[in-house]
Amino acid sequence: MGSSGTVAILGGGISGLAAAYKLSQIHPAPKRIVLFEAASRLGGWIHSSRNEDGVVYEHGPRTLRPVGESGITTLNLVQELGLQEQVINVPYGHPSSLNRYVYVDSKLIRLPTQLSALFKTTPPFHKPLLAAGLRDLFTSKSSKDDESMFDFVSRRLGPDIAEFAIDPLVRGVCAGDAKEISVKFLLKSLKEAEQKYGRITFGLLTSALRKPPPPTYHVSDLAKKAQLERWPVWSLQGGLQSLPESLVEKVTNAGVELYVESPCTDLEVRKDGSLVVRSGEEELHCCNVISALPSFKLSELVEKAHPTLAKLLKSIDSVTVGLVNLEWTGQRLDHDAFGFLVPSSQNSPLLGVVYDTCSFPQGDRTILTAMMGGKWFKSLFGDHVNEEALLKIALGQLQSVLGISDPPARAQVHILRQCIPQYIVGHCDRVEKIRRYVDDNRLGLVLIGASFDGVSVNDCIHNATKAVEQLATKLKI
Ligand SMILES: Cc1cc2nc3c(=O)[nH]c(=O)nc-3n(C[C@H](O)[C@H](O)[C@H](O)COP(=O)(O)OP(=O)(O)OC[C@H]3O[C@@H](n4cnc5c(N)ncnc54)[C@H](O)[C@@H]3O)c2cc1C
Ligand SMILES: C=CC1=C(C)c2cc3[nH]c(cc4nc(cc5[nH]c(cc1n2)c(C)c5CCC(=O)O)C(CCC(=O)O)=C4C)c(C)c3C=C
């Protein structure tokens, strides 16, 4: 088979599917677009299950934010796919978007949102929040180019904010340890403000006062509606899995070849710059390869020919999460919120619990998702923990925290192995070195996916779209 005009995509998660969709839309489109997926289903970590009675559980992501260019890119895509009627949003001002709880010293504590917390000591903090602002004003900037989220916030705003706000935030976005995760992961603009103004409060003030410039990119009617109505987060009826399902339908109709249960097992770069993708006995010659694989998986494929690259790719680690969906009949919660998070100082097996039916009710039932382990999975549960044991642990925790003692009507447990990459200190440099190696060695590889430039579904879609736009300008079709 000739390589000219054939593009291979490795990985059928949301990144790979978004790339396949975008590639099938460009003119002229490549002659062949072939996607290889190792698992028996497409969608990667986006995974919703629909019970026979229509009740939906999410085993991966459940809500997306509509903000920023990447939030708009996803809503634009949703409209292009004709899914706008299926969009469900949490309304502005809804308790699930306002109430943030943390579980500290065996108590659920609502994080303060009122101005009075500036002047009055409000639990879980040990000082009025104004102290944090003053500390920032009197702290000079660090010369370090990167540091951990915990160190940065502790230094600038005090250890209380780092322990009770930042540490649980990191557990709720990457199931990781704030003492290891790079400040550039979630607080890039604050780190930049420190470098530019010396104080993060000056940076915050400047950006609050500055009118944002009008967008230079397309904003669909759906995205405009989300902005106008100030949706905090949104999802899809039938679960977020409807998004990859719709992409699969569209790309199949556009002639993209999708192969499931077809792991890429070898990737060879020939001297003439063409590439050979192997999946078992099959081989495909192509002009370009888009990898939407987790970094550690791509590392295995390039190990033999490019050990230096393999080592760099492998250094972007991922962690395992035990995820337990639980359902009870009736309303079992005495407070409304998105859920709660548990700071690592509490040494709990729980990272946090999402109150799914508080954001999106599903009749007269309570559905919760307990998430456990993450960075601490192995030290908490060992190598051989099974689903039954995780269910028992989750139920015990929910009894202590929420007082729910009767058994759930239904439950599902999933062990999500190496599901979320960890952007530890130095991540940006590592990604730059990886990309430089690929360019310098003319590997013809495009790297997308959650391992590199953002873990949210929005980031994955946005980065896949941008990468294909760039590739289109130099495609050897
Ligand atoms: C529990 C959990 C909750 C989350 N919550 C949110 C949230 O609320 N909001 C949000 O925005 N994001 C959330 N995320 C993050 C987001 O879901 C992921 O970052 C995103 O889905 C990753 O997509 P991806 O396509 O880059 O990677 P993946 O989904 O990992 O896809 C990679 C694909 O490659 C396949 N593959 C692996 N090896 C091979 C091979 N050799 N050959 C071919 N295929 C291969 C895999 O089977 C997989 O399908 C959450 C993630 C998890 C795990
Ligand atoms: C309240 C409890 C939460 C738990 C437990 C939780 C677990 C969890 N989340 C991710 C990955 C992501 N979550 C994201 C958004 C997000 N998560 C929560 C809360 C919990 N997450 C909220 C309230 C939100 C939404 C909105 C917000 O205010 O940010 C995201 C997207 C972030 C973005 O930039 O949009 C990711 C990614 C994992 C892996 C996980 C497992 C323990």
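Computed from a predicted model, the values in this text were never measured in an experiment. (Residues numbered from 1 in each chain as written. Chains lettered and ligands numbered in written order. Predicted model: local features only at pLDDT ≥ 70, side-chain atom pairs only at ≥ 80, totals over all residues. Heavy atoms only, no water.)

> What am I meant to see in the packing of aromatic side chains here?
Here a ring pair, both rings aromatic, is described through the centre-centre distance and the interplanar angle of the planes. A full pass over the atoms with the stated rule returns six aromatic pairs. Taking the centre distance of 5.2 Å and the plane angle of 65° together, the rings of Phe185 and Tyr423 count as edge-to-face. Within this pair, whereas Phe185 is found in helix α7 (residues 183-186), its partner Tyr423 is found in the loop between β18 (410-421) and α17 (427-440), the two being separated by 238 residues in sequence. Take Tyr423: its relative accessible area is 6%, and that puts it in the buried class. An aromatic cluster is built from Tyr103, Phe340 and Tyr355, whose rings are joined through pairwise contacts. Residue placement shows Lys179 over the ring face of Phe150; its charged tip is 4.5 Å from the ring centre. Seen from the ring of Phe452, Arg435 lies directly overhead, with NZ or CZ sitting 5.7 Å from the centre. (Phe/Tyr/Trp six-rings, centres within 6.5 Å; stacked < 30°, edge-to-face > 60°. Helix = DSSP H or I, 4+ residues; strand = E, 2+ residues; numbered from the N terminus. Buried < 20%, exposed > 50% of the residue type's maximum accessible area, 1.4 Å probe, protein only. Lys NZ or Arg CZ within 6 Å of the ring centre and 35° of its normal.)

> Even after reading the chapter, I still don't get the pattern of salt bridges, so can you show me in this structure?
Opposite charge on two side chains permits pairing when their charged atoms draw close. All told, the structure shown has 27 salt bridges when counted by the stated rule. Glu245 is paired through a salt bridge with Arg50; the nearest N and O atoms lie 3.1 Å apart. Of this pair, Glu245 sits in helix α11 (residues 242-253) while Arg50 sits in strand β3 (residues 48-50); the two residues are 195 residues apart in sequence, bridging distant segments of the chain. Residue classification places Glu245 among the partly exposed residues on the basis of a relative accessible area of 34%. What makes Arg50 partly exposed here is its relative accessible area of 38%. Salt-bridge contacts for Asp266 lead to Arg278; the nearest nitrogen and oxygen are separated by 2.7 Å. (Salt bridge = Lys/Arg side-chain N within 4 Å of Asp/Glu carboxyl O.)

> Looking at this structure, I do not really get the nonpolar core. What am I missing?
Inside soluble globular proteins, nonpolar side chains tend to come together where they are buried. Core analysis: the biggest nonpolar cluster contains 47 residues, and Ile9, Ile14, Leu23, Trp234, Leu243, Ile290 and Ile448 have the highest contact counts within it. Secondary structure elements with two or more residues in this core: β1 (6-10), α1 (14-25), β2 (32-36), α2 (68-80), α10 (221-228), β8 (234-236), α11 and α18 (457-474). With 34 residues, the next largest nonpolar core counts Val183, Phe185, Val321 and Trp376 among its residues. (Core = buried A, V, L, I, M, F, W, Y, C linked by side-chain atoms within 4.5 Å.)

> Help me understand the packing of α2 against α10 in this model?
Any two packed helices are characterised by the angle at which their axes cross and by the distance between the axes. Look at α2 against α10: their axes get within 7 Å of each other, and the N-to-C directions meet at 130°. By the angle between their axes, α2 is oblique relative to α10. On α10, the residues touching Ile72, Leu75, Asn76, Val78 and Gln79 of α2 are Asp221, Leu222, Ala223, Ala226 and Gln227. Its residues placed into classes, the contact of α2 with α10 shows six nonpolar, three polar and one charged. (Axes fitted to C-alpha atoms, helices over the stretch in contact; angles between N-to-C directions. Parallel < 35°, antiparallel > 145°, perpendicular 65-115°, else oblique. Contact = heavy atoms within 4.5 Å. Nonpolar A, V, L, I, M, F, W, Y, C, P; charged D, E, K, R; others polar.)

> Please clarify how the environment of Gly363 should be interpreted in this entry.
Note on placement: Gly363 falls in the loop between α14 (356-359) and β17 (365-374). On the accessibility criterion, Gly363 (54% relative accessible area) is exposed.

> Is there a simple way to explain empty space enclosed by the protein in this structure?
Where empty space is left in the structure can be found by rolling a water-sized probe over the atoms. A full pass over the atoms with the stated rule returns one cavity of 30 Å³ or more. Each pocket or cavity is described by its volume, and for the largest cavity that value is around 30 Å³. Leu267, Val269, Val302, His306, Leu443 and Leu445 together form the lining of the largest cavity. (1 Å grid on protein atoms, 1.4 Å probe; cavity = no way out; pocket = protein on both sides within 12 Å on 5 of 7 lines; lining within 4 Å. Points joined across faces, edges and corners; volume = space filled by probe spheres on them.)

> Any chance you could explain the site of ligand 2 here in plain terms?
Not every one of the 19 residues close to ligand 2 is listed here, only the nearest: Arg65, Arg100, Gly172, Val173 and Met371. Contact between ligand 2 and Arg65: an oxygen atom at 3.0 Å from a side-chain N or O atom of the residue. Between an oxygen atom of ligand 2 and a side-chain N or O atom of Arg100, the distance comes to 3.3 Å. Among the elements of the structure, α6 (159-174), β15 (339-341) and β16 (350-355) are those that each provide at least two residues to the shell around ligand 2. Here the residues of the shell around ligand 2 are counted per class, giving twelve nonpolar, four polar and three charged. When residues are assigned to domains, the shell around ligand 2 turns out to be shared by domain 2 (95-209) and domain 3 (318-421), each giving three or more. (Near = heavy atom within 4 Å. Polar contact = N/O pair within 3.5 Å; in protein donor to acceptor, adjacent residues only side chain to side chain. Domains from an automatic or database assignment.)

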